[in-house]
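# Working through the structure, step by step
For reference, the chains in residue letters:
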Amino acid sequence: MSYDYSGKTYLVTGGAGFIGSHLTRALLDAGAHVVVVDEFNDFYDPAIKAHNLAPFANHPRFRLYRQDIREFVGLRDVFEHHGRGLQNGGIIHLAARAGVRPSLKEPRIYLETNVTGTLNLAELAREFQVKKFIFASSSSVYGDNPQQVPFQEDQDISKPISPYASTKAMGESLLYTYSHLYALQVVALRFFTVYGPGQRPDLAIHKFTRLIDEGKPIPVFGDGSTRRDYTYVDDIIQGVMAAVAYERSPYEIFNLGESQTTDLSTLIAYLEGCLGKKALIDRQPMQPGDVSITYANIDKARLLLGYNPQTKIREGLPRFVEWYLNWKEMRALLPV
Ligand SMILES: NC(=O)c1ccc[n+]([C@@H]2O[C@H](COP(=O)([O-])OP(=O)(O)OC[C@H]3O[C@@H](n4cnc5c(N)ncnc54)[C@H](O)[C@@H]3O)[C@@H](O)[C@H]2O)c1
């Protein structure tokens, strides 16, 4: 029997972001009420975030709060309004400082957002008796572990190699504690490099598309042999929606990837094909914090969530590039 989301209320933190805005659409389409909390920070162009949520502005089941999850008092006000409603829905916590390399420069803001922010939400879930908590974790928690691919959920994650990865591992651990102490049902989802329309501009696919399109050199770290398990955003959303419906255990972790890897040189060749332009390569050394491979074993998510990713990188990339070219034209018309 399929899960009924209608009439339930979900708090989507980071709902103005790339994945959060796709999820907001899916939840609204499924008949749910959606409360978004997002601070619209300038980690990347906030115009993209405003554009992401614009279609829902007048939706009767949509509410938006410009709120920082690090600020407990303001966040608690949101729960004063919606805490009771969330009891039959839940929290889907996507707000974070994302990105590996910037986390080496600003570890404190990563810790405050990704750990203290998560603690604030867990505390409010406890106080307002919210029963369900979905957490966006990351493949980066597996560290640099090429000997142990594909990554499996029960693998050791005690050696993350960037502050970002470390904060995601801490978030998982903190939420385990809340599930144990307060019967909060937690699902942690380890996303593997997500792409598709609206993808963050700092991620390789978006950055390379822009630079190739503009005829500028693309910085390629390493010899092009690093591999990523690229996951199309619609597949991620299917996995998140299934995690929302999942109720069989108090704490569970799932990998959400495609379980297919693509090396960086091949990715660039695909993008050249989509854009009909040749890339100028600016070869640079591997960056600290970067891992050589991510590769998801998704057997557990297939079995318990019915997760079933559909979109191969060769189908998903042209859709991203089409979105990018449209967005570029639209952005040029907006104020700077
Ligand atoms: N995109 C990926 O490939 C990927 C991979 C693994 C994990 N994740 C995780 O998935 C989640 C969503 O990622 P995304 O790619 O959509 O990122 P995103 O940056 O587009 O979205 C995150 C949103 O959180 C908001 N935010 C950040 N700090 C906040 C704060 N203190 N208070 C309120 N809002 C705040 C931002 O304004 C942004 O809109 C993140 O938790 C990220 O770590 C993403």
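Report on the accompanying structure. (Residues numbered from 1 in each chain as written. Predicted model: local features only at pLDDT ≥ 70, side-chain atom pairs only at ≥ 80, totals over all residues. Heavy atoms only, no water.)

### Quick word on the overall build of the chain
Counting its regular elements, the chain contains eleven helices and 13 strands. Taken against the 2.2 N^0.38 rule, which gives 20 Å for 336 residues, the C-alpha radius of gyration of the chain at 19 Å falls within 12% of a compact globule. Overall, the C-alpha framework of the chain stretches about 55 × 50 × 45 Å when taken along its three principal axes. Going through the 336 residues of the chain one by one, you find that 56% of them count as buried. (Helix = DSSP H or I, 4+ residues; strand = E, 2+ residues; numbered from the N terminus. Rg over C-alpha atoms; globule rule 2.2 N^0.38 Å. Buried < 20%, exposed > 50% of the residue type's maximum accessible area, 1.4 Å probe, protein only.)

### Some words on the nonpolar core
Grouped together as the largest cluster of nonpolar side chains are 47 residues, with contacts concentrated most on Leu-23, Leu-27, Ile-92, Leu-189 and Phe-191. Elements represented by at least two residues in this core include exactly β1 (9–13), α1 (18–29), β2 (33–38), β5 (132–138), β6 (185–191), α8 (233–245), β11 (251–256) and α10 (299–305). Looking at this core, the element that brings in the most residues is α8, giving eight residues. If near-sequence neighbours (up to four positions away) are discounted, Leu-23 is found in contact with Val-12, Ile-92, Leu-94, Ile-237, Val-240 and Met-241. Counting 26 residues, the second-largest nonpolar core is a separate cluster that includes Ala-122, Phe-133, Phe-135 and Ile-253. (Core = buried A, V, L, I, M, F, W, Y, C linked by side-chain atoms within 4.5 Å. Contact = heavy atoms within 4.5 Å.)

### Some words on the site of the ligand
Not every one of the 30 residues close to the ligand is listed here, only the nearest: Asp-38, Tyr-44, Leu-94, Tyr-164 and Val-194. Contact between the ligand and Asp-38: an oxygen atom at 2.6 Å from a side-chain N or O atom of the residue. Backbone polar atom of Glu-39 to a nitrogen atom of the ligand: 3.1 Å apart, as the coordinates give it. Surface burial for the ligand is 98%, taken as the share of its 810 Å² of free accessible area covered by protein chains. Within the residue set of the shell around the ligand, elements represented by two or more residues are α1, β5 and α6 (163–182). Here the shell around the ligand takes three residues from β5, the largest share from any one element. By residue class, the composition of the shell around the ligand is 15 nonpolar, eight polar and seven charged. (Near = heavy atom within 4 Å. Polar contact = N/O pair within 3.5 Å; in protein donor to acceptor, adjacent residues only side chain to side chain. Areas by Shrake-Rupley, 256 points an atom, 1.4 Å probe, with all protein chains shown as cover. Nonpolar A, V, L, I, M, F, W, Y, C, P; charged D, E, K, R; others polar.)

### Comments concerning the sheet that holds strand β3 (residues 62–66)
Two strands in a sheet stick together by hydrogen bonds in their backbones, pointing the same way (parallel) or opposite ways (antiparallel). Strand order in the open sheet formed by seven strands is β3-β2-β1-β4-β5-β6-β11, and the pairing between neighbours is parallel. Taken across any chain shown, the strands that pair with only one partner, and hence form the sheet edges, are β3 and β11. Pairwise comparison of adjacent strand axes, ignoring direction, gives a mean angle of 15° for this sheet. Contacting β1, β2, β3 and β4 (90–93), helix α3 (residues 72–86) crosses the sheet at an angle of about 150° to β1. (Pairing = 2+ DSSP bridges. Axes fitted to C-alpha atoms, helices over the stretch in contact; angles between N-to-C directions.)

### Comments concerning the side chain of Lys-207
In this structure, Lys-207 sits in helix α7 (residues 204–213). Leave out the neighbours within four places in its chain, and Lys-207 touches Arg-101, Pro-201 and Pro-219.

### Let's talk about the environment of Ser-138
With respect to the element layout, Ser-138 can be found in strand β5. Exposure remark for Ser-138: the relative accessible area of 6% places this residue in the buried category. Sequence spacing of Ser-138 and Asp-77 is 61 residues, and the spatial spacing of their C-alpha atoms is 29 Å. Leave out the neighbours within four places in its chain, and Ser-138 touches Tyr-164, Lys-168, Leu-189, Arg-190 and Phe-191.

Any functional reading would require information that these geometric values do not contain.
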